[in-house]
Amino acid sequence: MAELLVKNAFVIDPLSGIRGEIMDIAIRDGKIVEDAGANAEVIDAQGCLTLPGGIDSHTHVCGTKVNFGRYMSPEDMRAGRTQRKGVMHVTSGYSVPTTFGNSYRYSTMGYTTLLEGAMAPLEARHTHEEFTATPHQDMLANTLFDGNWSIMEAVRDKDLKRAAAVVAWTLAAVKGFAIKLTNPGGTEAWGFGEDVHSIHDLVPHFGVTPAEIIETMIRANEILNLPHSVHLHCNNLGVPGNFRTTLETIDRVPDLNSRRQTLYLTHVQFHAYGGSTWKDISSKSEDIARAVNSRPQVAIDMGQVMFGRTTTMTADGPMEFKLYMLHHNKWSNHDVELETGSGIIPVFYSRKSLVNCVMWAIGLELALLTRDPWQCMLSTDNPNGAPFVKYPEIIALLMSRRFRDRESELLDPRTGHYVPLFAIERELDWYEIAVMTRAAQAKALGITGIGKGHLAPGAQADIAIYPLKPGELDPAAEYKQVMAGFGKTRFTIKRGRVVARDGEVVVEGANSTIWTKANIPPELDLSADREFVKKFEQYYTVRMSNYPVQDVYLPRGVCIGTEVSL
Amino acid sequence: MKVEDVVCPFCGCLCDDLVVEVEGARVVSVENGCTLANEKFLGDHRLKAPIRKTDRAWEQVSYDEAIDETVGILLDADRPLLYGWSGTHGEAQSVGVHLGEILGALIDNTSTVCHGPSIMAIQEVGHPGCTLGQVKNRADVVVYWGTNPIDAHPRHMSRYTTFADGFFLSDAFRERKVIVVDVRRTESAQVADEFVKIDAGGDYAVLAALRAIVRGKRSLIPTSVSGVSREQLFRMADTLLGAKFVAIFFGLGLTMSQGKYKNIRNAIELTAELNRHTKCTISPMRGHWNVYGSNEVFTWISGYPYAVDFSRGIAFYNPGETTSIDVLRRGECDACLVVASDPGAHFPKACAEHLARIPTVQIDPHVNATTHLARLQIPVAVTGIDAEGTAYRMDGVPIRTRKLFCGTYPSDTDVLTKIYDRVKEEKKHG
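Scoring rules and cut-offs
Starting from 1, residues in each chain are numbered consecutively following that chain's sequence as written. Chain letters and ligand numbers both follow the written order, the letters beginning at A and the numbers at 1. It should be noted that, the model being predicted, local features are given only for residues of pLDDT at least 70 and side-chain atom pairs only at 80 or more, the latter also being counted only at that level, while totals for whole chains, interfaces and linings use all residues. Counting from the N terminus, the helices are the DSSP runs of H or I reaching at least four residues and the strands are the DSSP runs of E reaching at least two. Both definitions apply: the radius of gyration is a C-alpha atom measure, and the globule rule equals 2.2 Å times residues to the power 0.38. Using C-beta atoms placed from the backbone, we call a residue buried if 20 or more other C-beta atoms fall within 10 Å of its own, exposed if 12 or fewer do, and partly exposed for counts in between. Here, residues touch in the contact sense if the C-beta positions derived from the backbone fall within 7 Å of one another. Confidence scores labelled pLDDT are given residue by residue by the predictor and lie between 0 and 100. Strands qualify as paired when DSSP identifies two bridges or more between them. Domain ranges listed in this record stem from an automatic or a database domain assignment. In the scheme used here, Gly and all other residues not listed as nonpolar or charged are polar, with Ala, Val, Leu, Ile, Met, Phe, Trp, Tyr, Cys and Pro taken as nonpolar and Asp, Glu, Lys and Arg as charged. Lines fitted to C-alpha atoms define the axes, with helix axes restricted to the stretch in contact, and inter-axis angles between N-to-C directions lie between 0 and 180 degrees.

## Focus: the overall build of chain A
When helices and strands are counted, chain A shows 18 helices and 24 strands. The C-alpha radius of gyration of chain A comes to 22 Å, within 12% of the 24 Å expected for a compact globule of 566 residues. If you line up chain A on its principal axes, its C-alpha atoms span 65 × 60 × 45 Å. Expressed as a percentage of its 566 residues, the buried residues of chain A come to 64%. Within chain A, residue pairs in contact and separated by at least 24 positions form 78% of the contacts whose partners lie at least 6 positions apart.

Written as structure tokens, this is what we have:
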């Protein structure tokens with residue numbers, strides 16, 4: 001029995017109600033336990049900040065479009081490369097690192113669980129292959145349903161049960177974790193070069209609206225009792241004035257689940273724009289935050305933009321084409337039959353661009369104006385707003401008004417006219433940061449029950465120990481130390497084993513993939529449904545029997561089974 | 001025993017609807033397959049055991065001896081090249097990249113002599129593409145440029161384009177227009193609605209003319225461009241602009257003719273331009289069934305799709321410098337491991353000669369041209385017949401190939417893993 005004892009840890013464990021206490025954490029066989037034996041290996045945390053392992057609830061790290069981002073960008077690969085060293089493989093890439101690059105960099109920052117933001121079901125096998133090559137984090141896959149023909153037909157027929165059945169079949173087949181809607185309806189329209197521009201536009205041919213798709217999927221999700229809620233990338237991403245679409249979407253969310261939100265809205269920064277053109281774009285973070293503050297049934301993540309070079313990639317194909325028309329840089333697009341789309345372009349966010357400055361401010365504002373940190377998670381929509389290696393800097397900005405003011409001096413001087421950021425005094429504390437980087441994610445994803453995001457006995461021993469002593473450090477003033485501290489753990493412990501130490505990965509790693517399977521009654525089983533099977537035979541280019549992801553792709557799969565409530 | 005929905009490991013179409021009848025450890029019949037598929041499944045003449053070249057003849061050796069010798073050759077080399085990979089499954093390709101990493105080797109796949117230029121163009125301007133089902137369900141205009149699917153990808157037209165049923169087309173065959181652009185009237189040109197015959201080496205100019213027309217600069221077009229009349233260019237441009245969904249497919253006629261990657265860049269930019277007016281996608285007709293898989297696997301591990309040089313410890317990529325042809329031509333490599341391809345048949349003479357001079361080991365089920373250049377050959381199971389694993393179709397859709405029976409051969413992954421483990425062990429102690 002492998003035992004480990006972490007002594008003198010300054011623990012913040014929000015899900016267990018621990019807000020900063022010096023304590024010991026005992027670990028046996030990969031789990032947190034009450035006490036360790038006398039022979040346990042001891043780590044002296046020396047009063048350093050000790051948190052549950054970090055969880056990223058929206059990041060793009062594995063799969064078809066991520067790999068295409070690498071494939072098309074040798075300039076990005078050259079921008080971040082390390083040699084093979086010890087147990088570490090070669091890594092390449094800055095904004096779209098290789099799988100090992102992602103895994104090592106996240107691990108040295110204390111992250112132990114990642115949710116891939118968008119997996120096309122038809123190409124799920126690819127995502128799972130890359131998951132296996134991301135060995136230091138447990139992985140989950142948001143599964144795309146935004147342009148799914150069977151779903152849109154069920155929505156058109158007002159057949160909620162059928163929609164639930166399609167979700168259940170698909171998630172089980174592709175070993176997906178949750179429902180993702182990316183610009184619902186828009187990705188199908190993009191199949192013929194069109195898009196939808198409001199949640200009430202009709203999707204061509206299918207005659208349903210984004211609002212109907214979202215509402216049906218929210219209800220289908222609850223019928224299936226999935227751990228996570230519907231995970232939504234709203235319509236009109238990146239369009240000036242799009243805050244109206246976002247507010248309208250939030251307004252329609254029912255409150256259906258007492259354990260977590262009913263709708264998760266991702267990278268909301270990109271959806272909080274006022275104005276009508278790029279010339280008068282402004283921040284509408286206050287309106288959005290007000291809506292979130294009054295509705296416990298929604299949770300959001302920031303989608304923070306940070307200055308510098310990155311690569312944008314999303315299933316939102318039409319949006320990427322619009323970006324391409326602005327930037328005239330290289331553009332890739334990859335539509336997926338009967339399901340969804342995707343696009344990729346490289347971008348450079350500049351302090352000299354007023355639009356980029358406004359975007360930068362909005363992300364921070366959302367985090368500072370959302371009262372309850374459990375409702376707003378820290379993210380950059382990696383790598384869309386910035387590569388995840390910028391998280392420590394974002395934490396420092398949220399914890400220090402002085403840092404924000406320093407940054408403001410470098411921005412386009414007009415920025416202040418368009419954003420409320422510089423009037424906001426709030427500085428987040430260590431507890432709030434702990435919530436926004438792991439506890440809220442675990443709750444939002446519905447994975448506390450499998451021991452994620454907390455340190456109570458029985459939990460998975462995923463722990464991050466940062467070289468930061470909260471009692472001795474004033475984050476408002478010493479923001480540089482905060483940034484450095486969150487950038488490199490003293491120890492990252494994954495399933496009871498030290499995996500990274502002072503920025504070096506020390507073991508090869510072996511992760512798990514977490515997926516969901518609804519135990520559906522026979523009448524909802526589509527595997528022999530005539531219509532459903534016909535769709536495969538006639539319109540997919542892969543046979544139905546070759547579509548499901550075989551167990552061999554999940555060497556350490558963890559299945560969360562759910563019971564259906566009809 | 002009949003096995004249904006079998007995946008064909010021949011070309012990049014990766015058809016997955018074959019019905020294969022197996023008796024014991026032998027395929028006896030194939031339904032739904034093209035001629036190429038039938039030959040692959042039925043005409044299977046395997047090398048029986050590992051063989052080593054002696055002064056005057058070949059001798060059989062055991063797998064252990066063959067692996068020992070391979071490990072010795074690789075460890076002894078200063079600049080080993082690991083080449084091929086397109087005819088095996090992704091799991092073996094993955095072991096190959098890690099082997100390259102610990103050896104500090106150069107690893108390259110067959111893209112280097114096929115769609116390498118397409119990759120270089122994509123790295124300059126991106127790739128507006130889609131899965132083949134998008135084409136099947138939506139495309140009303142299909143363009144084949146410098147490719148002859150009827151011969152090289154025999155079921156491409158029936159499964160994915162011209163003759164396939166499509167959701168948004170009520171009578172797909174009649175509603176779809178097919179344009180073939182080539183330097184000669186191929187079999188595929190015979191079934192096209194429009195055949196555009198261009199002078200050899202004239203692709204770049206014709207693409208540029210089409211771009212100009214799409215951009216509204218008709219007055220700039222001379223009476224003929226590389227053998228294509230202005231009238232035909234206008235007609236073709238009008239067809240493209242008037243379509244609801246254009247799908248362009250291109251082959252080695254574009255990547256390996258004069259202009260090379262600049263041709264592809266021009267074709268991609270035409271595609272991007274057309275997207276301002278209608279929907280248009282472009283896709284390379286990948287040859288080997290899993291060449292795209294080798295690009296994918298190389299990329300997620302090393303960051304680059306082909307021509308990866310690990311000799312500096314990091315992954316380094318510079319086509320023209322780190323591509324197999326160039327490295328062999330310079331006589332730089334002092335050992336080569338060939339896996340699942342046949343450079344002896346495809347490389348220029350000077351490169352093949354160099355392969356014959358240095359210790360070359362081939363891992364391949366069959367005797368081929370490379371066998372004659374090699375010092376050692378290790379036969380393995382054929383993926384899709386007696387081994388299984390992941391393959392990526394030409395459009396990036398990953399499909400798991402099947403193992404139809406248990407044979408006696410080890411798979412590529414088995415053999416490579418043994419080599420990898422041994423090299424790793426030696427490196428640790430050395």
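Moving on from the coordinates now.
## Focus: the confidence of the model for chain B
Summing up the model confidence of chain B, the mean pLDDT is 97 and the portion of residues at 70 or higher is 100%. With pTM at 0.98, the complex prediction returns an ipTM value of 0.98.

## Looking at the pairing of strand 10 (residues 177-182) of chain B
Moving residue by residue along a regular strand, the side chains alternate between the two faces of the sheet. Residues and elements named next belong to chain B. Of all six residues that make up strand 10, five are buried, and the element is covered over most of its length. As paired elements, strand 9 (residues 141-145) and strand 10 share five bridges and run parallel to each other. Bridging across to strand 10, Val143 finds its partner in Ile179. Here four bridges tie strand 10 to strand 11 (residues 194-197), and the two strands are oriented parallel to one another. The partner of Val181 across the bridge, within strand 11, is Val196.

## Overview of the domain arrangement of chain B
A common way to express how large an interface is: the accessible area buried when the components associate. All names here are of chain B. For chain B, the assigned domains are domain 1 (47-114 + 289-429) and domain 2 (116-284). A C-alpha centroid distance of 34 Å is found between domain 1 and domain 2. Taken residue by residue, the interface counts 10 residues in domain 1 and 10 residues in domain 2. Residue composition of the side of domain 1 that touches domain 2, grouped by class: six nonpolar, three polar and one charged.

## Some details on the interface of chain A and chain B
Facing 46 residues of chain A, the contacting portion of chain B comprises 52 residues. Residues of the side of chain A that touches chain B, tallied by class, amount to 15 nonpolar, 20 polar and 11 charged. Inspection of the sheet shows strand 16 (residues 332-335) of chain A paired to strand 8 (residues 128-130) of chain B by three bridges, in the parallel sense. Residue pairing in the sheet places Asp335 of chain A in a bridge with Cys130 of chain B of strand 8 of chain B.

## Regarding the environment of Thr35 of chain B
Relative to the elements of secondary structure, Thr35 of chain B occurs in helix 1 (residues 35-42). Assessed through the 10 C-beta atoms surrounding it within 10 Å, Thr35 of chain B is described here as exposed.

## What to know about the domain arrangement of chain A
Residues and elements named next belong to chain A. Annotation of chain A at the domain level lists domain 1 (3-52 + 453-505) and domain 2 (61-72 + 83-449). For domain 1 and domain 2, the distance between their C-alpha centroids amounts to 29 Å. Each side of the interface is counted separately: domain 1 has 30 residues, and domain 2 has 32 residues. Looking at the side of domain 1 that touches domain 2, the elements that each hand over two or more residues are strand 2 (18-28), strand 5 (49-52), helix 17 (479-487), strand 20 (491-494) and strand 21 (497-501). Looking at the side of domain 1 that touches domain 2 element by element, the count peaks at five residues for helix 17. Along the lines of polarity and charge, the residues of the side of domain 1 that touches domain 2 split into 19 nonpolar, seven polar and four charged.

## Looking at the sheet that holds strand 11 of chain B
All names here are of chain B. In spatial order, the strands read 11-10-9-14-15; together these five strands make up an open sheet with parallel pairing. Taken across any chain shown, the strands that pair with only one partner, and hence form the sheet edges, are strand 11 and strand 15 (279-284). Neighbouring strand axes in the sheet, compared pairwise and without regard to direction, differ in orientation by 15° on average. Pairing between strand 14 (residues 245-250) and strand 15: six bridges, direction parallel. When the bridges of strand 15 are listed, Phe245 appears paired with Lys279.

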